[in-house]
Amino acid sequence: MREPTGAPPPGANPYIPVPFRVSGRRRETADTVTLRLRSPSGDGLPFEPGQFMMLYVFGVGEVPVSASGAPRRAGILEHTVRAVGPVTRRLVALRRGDWVGVRGPFGRGWPLALAEGFDVLIVAGGLGLAPLRSALLQILAQRDRYRQVTVLYGARSPADLLYRLDLSRWQQRPDLELRVTVDRADERWRGQIGVVPALIAQVERHFEPARTVALVCGPEVMMRFTVRELQKRGVPDDLIYLSLERNMKCALGLCGHCQFGPAFICKDGPVMPFSRLAPFSEIREL
Amino acid sequence: MSELSVLDSRDLPELFAALQRHGFRVVGPTVRDGAIVYDELVSAADLPVGWSDEQEAAHYRLKRRDDDAVFAYAVGPHSWKRFLHPSSLTLWRARRTAAGVTIETPAEELPRLALFGVRSCDLHAIAVLDRVLLGGPFVDPYYAERRSRAFIVAVNCGHFSPSTCFCVSMGTGPKATFGFDLALTEVFEPGRHVFVVEVGTDEGAEVLRQVPHRAAEPWERAAADRVVETTAARMGRRLETAGLKEALYANLEHPRWDDVAQRCLTCGNCTMVCPTCFCFTVEDRTDLTGTVTERVRRLDVCFTTEFTYTAGKPLRQSARSRYRQWLTHKLGSWLDQFGVSGCVGCGRCITWCPVGIDITEEAAAIRSASELGERTR
Ligand SMILES: Cc1cc2nc3c(=O)[nH]c(=O)nc-3n(C[C@H](O)[C@H](O)[C@H](O)COP(=O)(O)OP(=O)(O)OC[C@H]3O[C@@H](n4cnc5c(N)ncnc54)[C@H](O)[C@@H]3O)c2cc1C
Ligand code: SF4
Ligand code: SF4
Ligand code: FES
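Thresholds, definitions, all that
Residues numbered from 1 in each chain as written. Chains lettered and ligands numbered in written order. Predicted model: local features only at pLDDT ≥ 70, side-chain atom pairs only at ≥ 80, totals over all residues. Heavy atoms only, no water. Helix = DSSP H or I, 4+ residues; strand = E, 2+ residues; numbered from the N terminus. Rg over C-alpha atoms; globule rule 2.2 N^0.38 Å. Buried < 20%, exposed > 50% of the residue type's maximum accessible area, 1.4 Å probe, protein only. Contact = heavy atoms within 4.5 Å. Near = heavy atom within 4 Å. Nonpolar A, V, L, I, M, F, W, Y, C, P; charged D, E, K, R; others polar. Polar contact = N/O pair within 3.5 Å; in protein donor to acceptor, adjacent residues only side chain to side chain. Areas by Shrake-Rupley, 256 points an atom, 1.4 Å probe, with all protein chains shown as cover. 1 Å grid on protein atoms, 1.4 Å probe; cavity = no way out; pocket = protein on both sides within 12 Å on 5 of 7 lines; lining within 4 Å. Points joined across faces, edges and corners; volume = space filled by probe spheres on them.

A. Examining the overall build of chain A more closely. Check the secondary structure of chain A and you find 5 helices and 15 strands. Its C-alpha atoms give chain A a radius of gyration of 18 Å, within 12% of the compact-globule value 19 Å for 286 residues. Judged by the C-alpha coordinates and their principal axes, chain A covers about 50 × 45 × 40 Å. Of all 286 residues assigned to chain A, the portion counted as buried reaches 59%. A fraction of 73% describes how many contacts in chain A between residues 6 or more apart in sequence connect residues 24 or more apart.

Okay, structure coming up:
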């Protein structure tokens, strides 16, 4: 099977952003917002779940942000952005009607075709749920193609939970097993407390390790522990997919910033099977 | 072998004139600030006639010769990426209007450049940049434009730098074998000073037609062959490339990386002088009114901590990890990424490292002690 790649339109200058407008805005948490972007021309930038776009705020700068919405909706994009620095702060502050430049989609997405006929185990930490939401929306739209689907999601605190409406909908679906945990609870929290990788032990009967595709995204430590838990149970390295984050200045495989060993994360990733990362996974500061 | 011609050294200005008549702006070697650099040349008089150089690790010095040899120097601090992949370039300008934002690329017409005096290692370096910037999936349109418009006059190496050049072991020299429009070999013997000319393209032939020349005599062909043969035979420095990538990948935690990190100043000189180092960053600059902004691309240096700034901190904090990235990229991962080595053996990084770190020595140290490295992991 072919994994999705960001194929360039021939002849176009790949450095030039395409105009979009903010058409909707939903506050997720104190510092995080989901933007809905619409292309004035109506033709969008069709993407696969797991791919990312370069979002440009006029006069400020451009940053990589994963697509978090359902794919294949012509002319519409959704991106969930956390305000951490100059560009993301401005993105989060955008209002309906504001102009945004977009380049993309870039990189390889989640192996959703490969996962057909398999159990799917989604493990998300923090903002890592954004690219996985896109994958889950697509999986749920074609639910019969997959065997058991399990979602494990961890946030720092109840106030940091993203996509609350989605979470409550997913919670009610009989064909989806969802477990949510937080690192630190507040007085109203009645759910689980602890780290995400620890949830894997609880859902063992929801996946058959040798026939499971795992999709993992979150902070690097969380991903490291998750991989260990999955390996312990016999999920093969080439069926554990991780989405990596690196500094990115071009997303075109040209600026050199996103290198990880032989890989350019912007074009060979961001989603990669652990089997390709394993030779380098124990090397610090690679 | 193609037809060889001979151009008398006195007619070199004619070659310049022919290139200029063809509409080329000639860029090439000239003496400035105590080094042979590449810059625009108004006439053949700007060439480093009668100059040579002396290079060693962390050492470069110009030397006067007592003849008027034109190409009796080895490569200097500049490389051709200066013209093909410039250190600073405006990618586009955006203007905020009532209707939204309009984005345009700079409209100025680029001059056609004739790169004059390109050594074989640098032809290979340009071929490396071609793979990186034109090989896809995305093509860099700025490089593509400059590259497709360039005319190349190569020079086979009669003079080289014994303590820094290692093109022979890299398979990149000293003879120019591809990628040129014209290639010159300077045959300099007492009483005779000529250039043996090989034509590489139709455009090269067209330029040569406008310059006084004649067919090469057998002795001249033999003399031209001898020039590169002598250089190849005398080149002592080498880098053993067989199995090098594997040895580097197997030794990413080798103690030698700590050793070199003690010496390395992380100044990035090596990346700036390297003819294949292509990494860049981008910067947005906005005018005071806030209505016009431009994105500028600048060549970047992997030795800075900002280079890997991710999720709030640099990923490569130690000097060890940054030197390791540079060397393993050049000599290892480049092969996986682009199918060629990122090093063409030009020796510039050895000469221009202020503390004389030598890429061939570091690579050899990692490789020779590779079993030790395995054990200490
Ligand atoms: C594939 C991918 C997907 C991502 N998806 C998402 C997502 O869905 N949602 C989300 O919120 N985030 C996402 N991110 C992270 C997001 O791109 C970063 O949070 C964002 O780049 C931060 O940019 P900033 O300008 O707001 O802040 P900063 O990180 O402070 O600055 C942005 C850039 O400026 C440079 N910079 C910062 N400080 C300095 C300095 N002192 N000197 C020199 N340069 C400096 C850095 O190189 C950095 O790239 C993703 C990242 C990647 C790689
Ligand atoms: S790494 Fe050093 S020797 Fe090799 S091409 Fe670059 S500057 Fe030249
Ligand atoms: S190797 Fe030498 S030139 Fe390169 S960064 Fe270190 S000190 Fe500078
Ligand atoms: S982001 Fe520029 S090479 Fe990957």
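B. Representation of the site of ligand 2 within the structure. Residues and elements named next belong to chain B. In the neighbourhood of ligand 2, 13 residues make up the surrounding shell, with Cys274, Cys343, Cys346, Gly347 and Cys349 lying closest. Elements supplying a minimum of two residues to the shell around ligand 2: helix 11 (319-338) and helix 12 (348-352). The class makeup of the residues in the shell around ligand 2 is 9 nonpolar, 2 polar and 2 charged.

C. Representation of the site of ligand 1 within the structure. In the vicinity of ligand 1 lie 21 residues, with Pro64(A), Thr80(A), Arg82(A), Thr88(A) and Asn247(A) positioned nearest. Surrounding ligand 1 are residues belonging to chains A and B, so the site spans chains. At a separation of 3.2 Å, an oxygen atom of ligand 1 approaches a polar backbone atom of Gly85(A). With the chains in place, 75% of the 950 Å² that ligand 1 exposes on its own is no longer accessible. Those elements that provide at least two residues to the shell around ligand 1 are strand 4 (61-66), strand 5 (76-82) and helix 1 (86-92) of chain A. Among the residues making up the shell around ligand 1, the classes are represented as 11 nonpolar, 5 polar and 5 charged.

D. Examining the environment of Leu167(A) more closely. Residue and element names in this part refer to chain A. Tracing the chain through its elements places Leu167 in helix 3 (residues 164-172). Taking relative accessible area as the criterion, Leu167 reaches 9% and is therefore assigned buried. Between the C-alpha atom of Leu167 and that of Ile200, which follows or precedes it by 33 residues, the distance is 18 Å. Contacts of Leu167, omitting those with residues within four sequence positions, involve Tyr153, Leu161, Leu162 and Leu178.

E. Summary view of unusual backbone geometry. For the bond running from Gly136(B) to Pro137(B), omega is 5°, close enough to zero to count as cis. Examined against the element boundaries, Pro137(B) turns out to sit in the loop between helix 3 (120-134) and helix 4 (141-149). The backbone of Glu285(A) shows a phi angle near 55°, a positive value even though the residue is not glycine. On the secondary structure map, Glu285(A) appears in the segment after helix 5 (274-277).

F. Structural detail: the layout of surface pockets. All names here are of chain B. In this structure, the second largest pocket occupies an estimated 540 Å³ of space. Taken together, 26 residues form the lining of the second largest pocket, with Leu89, Glu108, Leu110, Pro111 and Arg146 sitting closest to its centre. Going through the elements one at a time, strand 2 (24-32), strand 3 (35-40), helix 2 (81-84), strand 6 (88-97), strand 8 (112-118) and helix 4 are the ones with two or more residues in the lining of the second largest pocket. No other element matches the 5 residues that helix 4 contributes to the lining of the second largest pocket. Classifying every residue of the lining of the second largest pocket by side-chain character gives 14 nonpolar, 4 polar and 8 charged.

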